[in-house]
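Residues per chain are reported as follows:
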Amino acid sequence: MWADNETSEDLLGFKVHADLLVNVIKDESILPITIGVFGDWGSGKSSILQIVKEEFDKDEDKESLCIYFNGWTFEGYDDAKAALLNSILKELEDNKKITAEIKDAVKEKAKKLWKSIDWMRGAGMVLKNVALPAVSAYFTGGLSLVPASIQMISQWSDSSEKIIEKLQSKEGKEIYESFLKQEKEGNKSSTNAIADLRKDFYDLLVSTGFKRLVVIIDDLDRCSPERIIENLEAIKLFLNVPKTAFIIGADPRIVKYAIEHKYKSNKEIEEDNNRIVIDYLEKLIQLPYALPRLSESEVETYISMLICKKEVGDMKFKNVLDEFKKYRITNKYSAFGLSNFEKILEAQEFRKVKDNVITIPSLVPLITNSLYGNPRQIKRFLNTYTIRKRLAEVASLVSFNDAVLAKMMILEYSEPKLFKKLFEWQIIQDGVPKEITNIEALCKDKGIEDIISEIKDSDFKEWSKPKIIKWFQIEPLLTGVDLRDYYWIARDKLENSITSTSMIPPVVRALFNELLPDNMTAAVTKSLLSQKFQPFSDIEKDAFFNLLSSNLKRNPQQKRLYDIFNAMTEDKIENTVYQYMETLKIISVSDIEPAVATRLADFKSEAEIGTFLNDYFKDGKTRASKAFNLKK
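Quick caveat, the model's predicted, so the values are computed rather than measured.

Calculation criteria
Residue positions are given per chain, counted from 1 along the sequence in the order it is written. Local features are withheld for residues below a pLDDT of 70 in this predicted model, meaning they are given only at 70 or higher, and side-chain atom pairs are given and counted only at 80 or more; totals for whole chains, interfaces and linings count all residues. Hydrogens and water molecules were not included; the side-chain quantities draw on all heavy atoms of the structure. We count a stretch as a helix when DSSP gives it H or I for four or more residues in a row; a strand needs E for two or more, and each element gets its number in order from the N terminus. Note on classification: 1.4 Å probe, protein chains only; a residue is buried when its accessible area is under 20% of the maximum for its type, exposed when over 50%, partly exposed between these limits. The contact criterion used throughout is that any non-hydrogen atoms of two residues lie within 4.5 Å. Using a 1.4 Å probe, accessible areas were evaluated by the Shrake-Rupley method; residue-level cover was limited to the displayed protein chains. Side-chain atoms within 4.5 Å link the members of a nonpolar core, which is a set of buried Ala, Val, Leu, Ile, Met, Phe, Trp, Tyr and Cys residues. Only strands that DSSP links by at least two bridges are regarded as paired with each other. Handedness of a crossover is defined as follows: with both strands directed away from the viewer, a clockwise route from the first strand across the helix to the second makes it right-handed. Note on geometry: axes are lines fitted to C-alpha atoms, helical ones only across the stretch in contact, with angles between N-to-C directions running from 0 to 180 degrees. Small angles under 35 degrees read as roughly parallel and large ones over 145 as roughly antiparallel, with 65 to 115 read as roughly perpendicular and the rest as oblique. Crossing handedness is defined as follows: a turn of the near helix away from the far one that is anticlockwise and smaller than a right angle gives a left-handed crossing, while the clockwise case is right-handed. Amino acids outside the nonpolar list (Ala, Val, Leu, Ile, Met, Phe, Trp, Tyr, Cys, Pro) and the charged list (Asp, Glu, Lys, Arg) are all regarded as polar, and Gly is one of them. Salt-bridge detection follows one rule: a side-chain nitrogen of Lys or Arg within 4 Å of a carboxyl oxygen of Asp or Glu. Think of it as the arc spanned by the lines of direction from the helix axis to the C-beta atoms. Confidence of the predictor at the level of single residues is given by pLDDT, which spans 0 to 100. Stacked, edge-to-face and tilted are the three classes for Phe, Tyr and Trp ring pairs, Trp counted by its six-membered ring, which pair at centre distances within 6.5 Å; planes under 30 degrees apart are stacked, over 60 edge-to-face, the rest tilted. By definition, being over a ring means that NZ of Lys or CZ of Arg is both within 6 Å of the ring centre and within 35 degrees of the ring normal.

Caption draft 1: Just the overall build of the protein chain, in detail. A tally of helices and strands in the protein chain yields 33 helices and five strands. Counting the 632 residues in the protein chain, one finds 52% classified as buried. In the protein chain, 76% of the contacts between residues at least 6 apart in sequence involve partners at least 24 apart. Working note: accessible area of the protein chain is about 29,900 Å², and carbon and sulfur atoms make up 50% of it.

Caption draft 2: Region of interest: unusual backbone geometry. Put simply, Leu31 and Pro32 share a cis peptide bond, and its omega is 0°. With respect to the helices and strands, Pro32 occurs in the loop between helix 1 (15-25) and strand 1 (33-38). The omega torsion across Glu475 and Pro476 is 0°, close enough to zero to call that bond cis. Mapped onto the elements of the fold, Pro476 is located in the loop between helix 23 (466-473) and helix 24 (484-488). Phi angles above zero are rare outside glycine, and Asp430 is one such case at about 55°.

Caption draft 3: Main features of the nonpolar core. The biggest cluster of nonpolar side chains holds 90 residues, and the ones touching the most others in it are Phe341, Met408, Leu422 and Trp463. Non-local contacts of Trp463, meaning those with residues more than four positions away in its chain, are made with Leu411, Leu418, Lys421, Leu422, Trp425, Ile439, Ile455, Ile468, Ile469 and Phe472. Counting residues in each nonpolar core, the second largest holds 82 residues, with Leu84, Leu113, Leu515 and Leu561 among its members.

Caption draft 4: Molecular detail of the pairing of strand 4 (residues 244-250). Within strand 4, seven of the seven residues are buried, which leaves the element mostly enclosed by the surrounding structure. By the alternation rule, side chains of strand 4 split into Thr244, Phe246, Ile248 and Ala250 and Ala245, Ile247 and Gly249, which are all buried. One ladder, built from five bridges, connects strand 3 (residues 212-218) with strand 4; its direction is parallel. Paired with Val214 across the bridge in strand 4 is Ala245. Tracing the backbone out of strand 3, into helix 10 (residues 225-236) and back to the parallel element strand 4 gives a crossover that is right-handed.

Caption draft 5: Seen up close, the side chain of Asp200. Tracing the chain through its elements places Asp200 in helix 9 (residues 190-208). Excluding its chain neighbours within four sequence positions, the residues that come into contact with Asp200 are Lys112 and Leu113.

Caption draft 6: Local environment of the packing of helix 19 (residues 402-414) against helix 20 (residues 416-427). Close contact between helix 19 and helix 20 brings their axes to 5 Å; oriented N to C, the two are set at 125°. Between helix 19 and helix 20, the crossing angle belongs to the class labelled oblique. Here Met408, Leu411, Glu412, Tyr413 and Ser414 of helix 19 lie close against helix 20, whose contacting residues are Pro416, Leu418, Phe419 and Leu422.

Caption draft 7: Here's a closer look at the sheet that holds strand 3. The five strands are arranged 2-3-4-1-5 in an open sheet whose pairing can be described as parallel. Bordering the open sheet on either side are strand 2 (64-70) and strand 5 (287-290), each of which pairs with just one other strand. The sheet shows a mean angle of 15° between the axes of neighbouring strands, direction not considered. Here strand 2 runs beside strand 3; their pairing, made up of seven bridges, is parallel. Counted as the bridge partner of Phe69 is Ile217 from strand 3. Lying over the sheet, helix 3 (residues 80-94) contacts strand 2, strand 3 and strand 4, oriented at roughly 140° with respect to strand 2. Against the sheet, helix 10 touches strand 1, strand 2, strand 3 and strand 4, its axis set at about 165° to strand 4.

Caption draft 8: View of the packing of helix 14 (residues 296-330) against helix 16 (residues 347-357). Relative to each other, helix 14 and helix 16 sit at 155°, their axes nearing to 8 Å. The angle between helix 14 and helix 16 places the two elements in the roughly antiparallel class. Once helix 14 is placed against helix 16, the crossing between them reads as right-handed. Mapping the contact onto sequence places Ser304, Ile307, Cys308, Glu311, Val312 and Lys316 in helix 14 and Glu349, Lys352, Val353, Asn356 and Val357 in helix 16. Per-class residue counts for the contact of helix 14 with helix 16 are five nonpolar, two polar and four charged.

Caption draft 9: Local environment of the pattern of salt bridges. All chains considered together, the criterion is met by 32 salt bridges. Taking the shortest distance from any N to any O, the salt bridge between Arg484 and Asp482 comes out at 2.7 Å. The closest approach of N and O atoms between Lys526 and Asp571, which form a salt bridge, is 3.8 Å. In this pair, Lys526 is assigned in helix 27 (residues 522-533) and Asp571 in the loop between helix 29 (559-570) and helix 30 (576-586), connecting sequence segments 45 residues apart. According to the relative accessible area criterion, Lys526 is partly exposed, its value standing at 24%. One network of salt bridges, in which partners are shared, links Asp40, Asp251, Arg253, Arg293 and Glu540.

Caption draft 10: Expanded view of helix 22 (residues 448-456). Those residues of helix 22 lying buried are Ile451, Ile452 and Ile455. The buried residues of helix 22 occupy an angular sector of 100° when the element is viewed end-on, so they sit on one face. For helix 22, the elements touching its buried residues are helix 21 (434-442) and helix 23.

Caption draft 11: The confidence of the model for the protein chain, seen in detail. For the protein chain, per-residue confidence averages 77 on the pLDDT scale, and residues scoring 70 or more make up 76% of the total. Note that pLDDT drops below 50 for residues 126-156; the model gives that stretch 77 contacts with residues more than four away or on any other chain. Segment residues 496-502: pLDDT under 50, and 18 contacts once partners within four positions in sequence are set aside and those in other chains are kept.

Caption draft 12: Looking closely at helix 21. By the burial criterion, the buried members of helix 21 are Glu435, Ile436, Ile439, Glu440 and Leu442. An end-on view of helix 21 places all buried positions within 155° of arc, on one side of the element. Elements in contact with the buried residues of helix 21: helix 20, helix 22 and helix 23.

Caption draft 13: Region of interest: the packing of aromatic side chains. Applying the stated criterion across every chain, the model contains 16 aromatic pairs. Counting every residue linked through ring pairs, the aromatic cluster contains Trp425, Phe460, Trp463, Trp471 and Phe472. Here the guanidinium or amino end of Lys407 rests over the ring plane of Trp471, the centre of that ring lying 5.2 Å away.

Caption draft 14: Spatial organisation of the environment of Leu204. One can find Leu204 in helix 9. Residue classification places Leu204 among the buried positions, given a relative accessible area of 0%. Sequence separation between Leu204 and Lys109 is 95 residues; the distance between their C-alpha atoms is 5.9 Å. The residues touching Leu204, leaving out its near neighbours within four places in the chain, are Leu89, Leu92, Val106, Lys109, Ala110 and Leu113.

Caption draft 15: Spotlight on the environment of Asp10. One can find Asp10 in the segment before helix 1. Residues within four places of Asp10 in sequence aside, it is in contact with Lys15, Ile51, Leu321 and Phe324.

Next up, the structure:
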């Protein structure tokens, strides 16, 4: 099994991306700079950022200080600016690269910045648009807060009673009183405070002797929309501070969602929302760097390296990794696999690796296309593959073929609807469906266009996608293979859903949450589906259907979930009808509201919906059934 964690161990050849970022940052003429490392969920952003940090942390680099900041870790912190500055100061005070003499000067200069932290945290507690006089009088005896502080938004509550209760805590009183003290002494405005902070921070950097401060902000796309914006605003504090470089790792789609969320209540801005989002990102990030998806040779290398490490252990794998690094310097395009391992490993070790890797090369094109070259998806695919192999061994499945298992899992991940269709075929034919024999016969000895044409004219038109045809053609063929064992070990997926909810990408969750408000109009719903659902990859679309379906099964009274399915059905979005009907079959008819039945009746011309309605609502015993029959 493989842990789903970021790592500086480079099995992807991603060091070239990290080296480029390091090279850019070491060019003093471009500092200060903010770099956005952009990629889909699970694309390897965090691993690249770990490699970057490792490069700057090397003992021989005396000119750079690199700090790693996880935005998600500080999700519950009361002020993002304070959290970021706090992390930077802690690192400066504790860093081993700084000599004892310099540390004393650093600590002295840091005192002013610590006061700034207290001021910012206190300012963040002051309410906007609620009973500020009550709060102010309660703690200050009537002190009038300066206008800049009144504009600060509280992150604790939206009512004066709750904020007063919160501020009565020991921590709240200390921070708030510190904030008031700073205002009394300096009568700070927010503009002066930020300018002073930047100047003080630059003076601090100069005293350390470092030529550059590199701040890596990772996992930004795991934060709530509010916290994403707060972290981005915190970065803005340092945009004009010399000697600084910020590297932000995120899925750009999630960041765009957060920016849209920020401005959603501003009617004037909403009209040109897309322009606002673009402008915001361009002003914040000077250098966007998008990670490419893995190629077929990179996927083959990654899978081979993961398996090799698991089989030979960390110590012996170090030699393999060293050779891989050398290989990538001269060869960026070919796969690094069995032929390379054979030259490095002892015969017994090589046999162990070969036994596990042997089926991989032929399946790589399908894995690449099905999982979109996504390292996290590939790793989870392999973990599931491994656990199922073990289950087959424990269950003593004698005729079990690992290559068939891998092939079946590719269909499961890439085409869950067809995977279930194949399940239905084999369950009534003792595990050996004749349909597989018929389709494989159509896929023989012809060009891809001819095959597609023949399948579309047959009873199997839903199997006519080019990638599905390639799946049929690749060894091992499934004609005559008893599939019962393979579906037996996958039965948990058949019962619950192909795509686990733990694998829902953040961008999918964001769209789902955006579609949930009950008062959203049909026009806005369709617009969101068109703009944001349709560009999803097949994996992301399947994940969205899984999330929508699982929520509807748990909450069959929630009308909005039906509305989303209805909007997708009306727009004839591929796979919607199947997913909708399969979900409704799980829900008790008595739990379905009459309004849902009458709306479904509008789509009865769709074969699957018409069949479902006649099978489930024709008895007229429930309120929904009566409503449907009345509509007929």
